[in-house]
Amino acid sequence: MIDMIGGVAGRAIGNIIEQSLDSAQGGSAVSGGQSTGASFADTLMNMGNDVITNLKDAEVQSFKAVSGEADTREVVDALMSAEQSLQTAIAIRDKLVTAYLEIARMQI
Amino acid sequence: MDPLILSSRIASSGLKVQESRLRIVSQNLANAQSTGETPGADPYRRKTISFSWELDQASGAAMANVSRIGQDPVDFDVEFDPSHPAADDKGMVKMPNVNMLIELADMREANRSYEANLQTIKQTRELLSLTLDLLRASQ
């Protein structure tokens, strides 16, 4: 059962990474085997940047709320989407770290 | 766009619309006794609000939107009160055309719609986090 879930999650991540790799490659128009590593890093960096943008937006909204400029709903919206993207990023990071550790522990 | 995130955004537009509705209701209720200041002057006229849907270009979703804040054309009630500053030469004062019962019912309806939209947001959040749990559980 656990294996099955792991397989599904792994496949989902694989799809996401492949999709983002494709889009990253389409954008920067790089080709060849060498570029794969760079675009993967790019993908991760893009994801990180998205998360940071969301967090900053949430921060700005919170400050606005303190000074009475923003609606409660807008603040909650911003905070929730920031939390959501942070959680996603953390989950994917954990997954990647686990995968890396697994490779590192591999018997040669 | 992710349908789950999209639906919470749509629900958020519903919240916004209901907030505006509640604002109009509170205006009407607060001014239920607001008369004019000069003899024969018109009192507060009840405000109405109507909604419409707006197609979100990026996602193709129908977002709720306030289309118009209008005025209720119903005639004012008149009361006999000669000492009132807004009384005309016959001693009649025009009172606002606000019906408390209707406003309260409207407020209750806005409240229920708001709760329903909140529930949608809650549900989408729960589904998203359950899906993310798949990643965590397999570690």
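Residues numbered from 1 in each chain as written. Chains lettered and ligands numbered in written order. Predicted model: local features only at pLDDT ≥ 70, side-chain atom pairs only at ≥ 80, totals over all residues. Heavy atoms only, no water.

Novice: It is not clear to me how the overall build of chain A should be interpreted in this structure. Could you clarify?
Specialist: Across its full length, chain A holds three helices and zero strands. For chain A, the N- to C-terminal ordering of α and β elements is α-α-α. Out of the 108 residues belonging to chain A, those deemed buried represent 22%. Considering only contacts within chain A whose residues lie at least 6 apart along the sequence, 42% involve residues at least 24 apart. Carbon and sulfur atoms provide 61% of the accessible area of chain A, an area that totals close to 7500 Å². (Helix = DSSP H or I, 4+ residues; strand = E, 2+ residues; numbered from the N terminus. Buried < 20%, exposed > 50% of the residue type's maximum accessible area, 1.4 Å probe, protein only. Contact = heavy atoms within 4.5 Å. Areas by Shrake-Rupley, 256 points an atom, 1.4 Å probe, with all protein chains shown as cover.)

Novice: Looking at this model, I keep getting lost on the packing of helix 3 (residues 72–104) of chain A against helix 2 (residues 100–137) of chain B. Mind explaining?
Specialist: How two helices sit against one another is set out by the angle between their axes and by the gap between those axes. The interhelical angle for the contact between helix 3 of chain A and helix 2 of chain B, taken along N-to-C directions, is 10°, at an axis separation of 9 Å. Considering their axes alone, helix 3 of chain A and helix 2 of chain B lie roughly parallel with respect to each other. Each of M80, E83, Q84, Q87, T88, A91, I92 and K95 of chain A in helix 3 of chain A lies in contact with helix 2 of chain B, whose residues at this interface are I121, R125, L128, L132, L135 and R136 of chain B. (Axes fitted to C-alpha atoms, helices over the stretch in contact; angles between N-to-C directions. Parallel < 35°, antiparallel > 145°, perpendicular 65-115°, else oblique.)

Novice: Just to check I follow, could you spell out the interface of chain B and chain A for this structure?
Specialist: It is common to report an interface's size as the accessible area lost on association of the parts. Counting residues at the interface gives 13 residues for chain B and 17 residues for chain A. Summed over both sides, the interface of chain B with chain A buries roughly 1400 Å², with 60% coming from carbon and sulfur. Put simply, chain B and chain A have two salt bridges between them. Between E19 of chain B and R73 of chain A there is a salt bridge; the shortest N-O distance is 3.5 Å. Elements supplying a minimum of two residues to the side of chain B that touches chain A: helix 1 (3–30) and helix 2 of chain B. With seven residues, helix 2 of chain B is the single largest residue contributor to the side of chain B that touches chain A. Within the side of chain B that touches chain A, the residues separate by chemical class into six nonpolar, three polar and four charged. (Buried area = accessible area lost by both parts, 1.4 Å probe. Salt bridge = Lys/Arg side-chain N within 4 Å of Asp/Glu carboxyl O. Nonpolar A, V, L, I, M, F, W, Y, C, P; charged D, E, K, R; others polar.)

Novice: Whenever I open this one, the environment of A105 of chain B confuses me. Can you help?
Specialist: Turning to its location among the elements, A105 of chain B is positioned in helix 2. It is 9.7 Å that separates the C-alpha atoms of A105 of chain B and V25 of chain B, two residues lying 80 residues apart in sequence.

Novice: I would appreciate a short explanation of the side chain of Q84 of chain A in the present structure.
Specialist: Note on placement: Q84 of chain A falls in helix 3. The class of Q84 of chain A is buried, set by a relative accessible area of 16%. Among all residues touching Q84 of chain A, those that are not within four sequence positions of it are R125, L128 and L132 of chain B.

Novice: What is the right way to look at the pairing of strand 2 (residues 62–71) of chain B in this model?
Specialist: Along any regular strand the residues' side chains alternate between the sheet's two faces. Note: strand 1 (residues 47–55) of chain B against strand 2 of chain B, nine bridges, orientation antiparallel. Bridge assignment links E54 of chain B to a residue of strand 2 of chain B, and that residue is M63 of chain B. (Pairing = 2+ DSSP bridges.)

Novice: How do you make sense of helix 3 of chain A when you look at a structure like this?
Specialist: Turn by turn, an α-helix covers 3.6 residues, leaving residues three or four places apart pointing in a common direction. Given a rise of 1.5 Å per residue, 33 residues ought to cover 48 Å, and the 47 Å separating the end C-alpha atoms of helix 3 of chain A matches this to within 8%. Residues of helix 3 of chain A that are buried: R73, V75, A78, M80, A82, Q84, S85, A89, A91, I92 and K95 of chain A. (Expected span 1.5 Å × (residues − 1).)

Novice: Mind showing me how you'd approach helix 2 of chain B here?
Specialist: With 38 residues, helix 2 of chain B should reach 56 Å at 1.5 Å per residue; the first-to-last C-alpha distance of 54 Å fits that figure. You can read the cap of helix 2 of chain B off the contacts: a side-chain oxygen lies 3.1 Å from the backbone nitrogen of L101 of chain B, and it is on N99 of chain B. (Polar contact = N/O pair within 3.5 Å; in protein donor to acceptor, adjacent residues only side chain to side chain.)

Novice: I tried to follow the confidence of the model for chain B on my own but got confused; where do I start?
Specialist: The predicted structure's coordinates, where accompanied by low pLDDT, should not be read in detail. Residue and element names in this part refer to chain B. Looking at chain B as a whole, its pLDDT mean stands at 91, while 99% of the residues score no less than 70. Ranking the elements of chain B by mean pLDDT puts strand 3 (residues 77–80) last, at 90, and strand 1 first, at 94. Overall fold confidence for the complex sits at a pTM of 0.73, while the interface term, ipTM, reaches 0.71. (pLDDT = per-residue confidence, 0-100.)

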